[in-house]
Amino acid sequence: MQHRWFWHCAYAAIILALGASVYGVSQRVDYDWRWEQVPQYIVSHEGERVAAPIDGVIRLGADPRSFEILTQTDPPQVTRIENVDRITAGDGDPVFTGDIVAIREGWAPGPLLVGLWITLEISALSLVFALALGLVAGLGRVSSNPAARNLAATYVEIIRGTPLLVQVFIFYFFIGTVLQLSPLAAGVAALAVFTGAYVAEIVRAGIEAVPRGQMEAARSLGMSYAQAMRFVVLPQALRRTLPPLAGQFISLIKDSSLVSVIAITDLTKAGREIVSSTFTPFEVWFTVALMYLVLTGALSWLVQRLERRLSASD
């Protein structure tokens, strides 16, 4: 017991030493630290900014808490915006889509929190499609059909052999243009296809780790190949592949930062925009890194709990 406490204390001492070293280096840097500005980038007390949803002209009425935007078409289309506390545009002012036209007072999520939500949305959508694509490709990798096996192998090798950033550009500029995809859809598709290739290899390894006798026993009981794979082999493969799948999903969250290059304001792009307007790079990027760490740490903790639950059910 004393031996364990010694190593715990050694660990704590090393962490404290590293923290002191980082603090000492930060004091030597000729930089004006402004940590007090960071909270407003997470939760803002300045209220919610209301952006114009269309191009048009402002028309004010008797109600100071509402107004209309009229398009310059014949006949004009009218968009009414209500429940605002302050209107920042005047009667007859021309506005364009995205212009700030009003303020709703109160607490509102800051740009980093909004970016974190978009990162979560992109990661969750990509994860769902990557699981489906990876499962199909993984089954194709172990299929006895040469066409399915070769197609799955070609997909895996092409995707794993090219950088994700290049794939994001291809999906956005080429496939997105042909299929008229939004930046969000193109980013999700690129991440799903990229992650799906790695999930396919994890699924293949998990299936091959299950003893062949399991499949043979299931077939001898009258199950078809699909039934044996679904009810016998895949459940056992899932337990074996959970740790590498968790690692791949954590990588997916970090890889999602690359979609910031295609006009998606995720957590990374939100941080870059704040840095460019406030010139506080260290504080913002440390905060962004901490938010990513909390997100991936929470996912890792959930996966560990799931692993223990599956182990207890065996």
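The following paragraphs examine the structure supplied in this document. If you're wondering where the values come from, they're calculated on a predicted model, not measured in any experiment.

In terms of nonpolar packing, the biggest core is built from 20 residues, with Ile-122, Tyr-155, Ile-159, Leu-191, Val-259 and Ile-264 touching the most fellow members. Counting residues per element, the ones that place at least two in this core are α3 (111-141), α4 (146-160), α5 (164-179) and α6 (183-209). With 7 residues, α6 is the largest single contributor of residues to this core. Core analysis: the second largest hydrophobic core is formed by 14 residues, Val-210, Met-215, Met-229 and Ala-237 among them.

Attention now moves to the sheet that holds strand β4 (residues 67-70). One key point about sheets: their strands pair by backbone hydrogen bonds, in either a parallel or an antiparallel sense. Across the sheet, 4 strands lie side by side as β5-β4-β3-β7; this open sheet has antiparallel pairing. At either end of the open sheet lies a strand with only one pairing partner, and these are β5 (78-81) and β7 (94-95). Pairing of strand β3 (residues 56-60) with β7, which is carried by 2 bridges, proceeds in the antiparallel orientation. Within the sheet, the bridge partner assigned to Val-57 lies in β7 and is Pro-94.

With that settled, the discussion passes to the sheet that holds strand β2 (residues 48-51). Sheet architecture is open: 3 strands sit in the order β2-β8-β6, paired in antiparallel fashion. The strands lining the two open edges of the sheet, one partner per strand, are β2 and β6 (86-87). As paired elements, β2 and strand β8 (residues 100-104) share 4 bridges and run antiparallel to each other. Counted as the bridge partner of Val-50 is Ala-102 from β8.

Taken together, the side chains of Val-166, Ile-170, Phe-174, Val-178, Leu-179 and Leu-181 make up a nonpolar region of the molecular surface, amounting to roughly 560 Å² of accessible area. Structurally, Val-178 can be placed in helix α5.

Running from N to C, helix α7 (residues 212-220) and helix α8 (residues 225-255) cross one another at 140 degrees; their axes reach a closest spacing of 9 Å. In terms of their interaxial angle, α7 and α8 are classed as oblique. Considering only the axes of α7 and α8, their crossing is right-handed. Counted together, Gln-214, Met-215, Ala-218 and Arg-219 of α7 and Tyr-225, Ala-228, Met-229, Val-232, Val-233 and Gln-236 of α8 form the full contact between these two elements. Residues of the contact of α7 with α8, tallied by class, amount to 7 nonpolar, 2 polar and 1 charged.

With that settled, the discussion passes to the pattern of salt bridges. Summed over all chains, the structure comprises 9 salt bridges. A salt bridge links Arg-204 to Glu-208, with the nearest nitrogen and oxygen atoms 2.8 Å apart. In this pair, Arg-204 and Glu-208 are both assigned in helix α6, 4 residues apart and thus about one turn of the helix distant. Residue Glu-208 is classed as exposed on the basis of its relative accessible area of 51%. A salt bridge links Glu-273 to Lys-269, with the nearest nitrogen and oxygen atoms 2.7 Å apart. On the criterion of helical spacing, the pair formed by Glu-273 and Lys-269 is a turn pair, its members being 4 residues apart in helix α9 (residues 267-278). Look at Glu-273 and you get partly exposed, because its relative accessible area is 36%.

Reading guide: rules and limits
Residues numbered from 1 in each chain as written. Predicted model: local features only at pLDDT ≥ 70, side-chain atom pairs only at ≥ 80, totals over all residues. Heavy atoms only, no water. Core = buried A, V, L, I, M, F, W, Y, C linked by side-chain atoms within 4.5 Å. Buried < 20%, exposed > 50% of the residue type's maximum accessible area, 1.4 Å probe, protein only. Helix = DSSP H or I, 4+ residues; strand = E, 2+ residues; numbered from the N terminus. Pairing = 2+ DSSP bridges. Patch = residues over 30% accessible without salt bridge, like charges linked within 9 Å, V, L, I, M, F, W, Y side chains within 5 Å. Areas by Shrake-Rupley, 256 points an atom, 1.4 Å probe, with all protein chains shown as cover. Salt bridge = Lys/Arg side-chain N within 4 Å of Asp/Glu carboxyl O. Axes fitted to C-alpha atoms, helices over the stretch in contact; angles between N-to-C directions. Parallel < 35°, antiparallel > 145°, perpendicular 65-115°, else oblique. Left-handed = near helix turned anticlockwise from the far one by under 90°. Contact = heavy atoms within 4.5 Å. Nonpolar A, V, L, I, M, F, W, Y, C, P; charged D, E, K, R; others polar.

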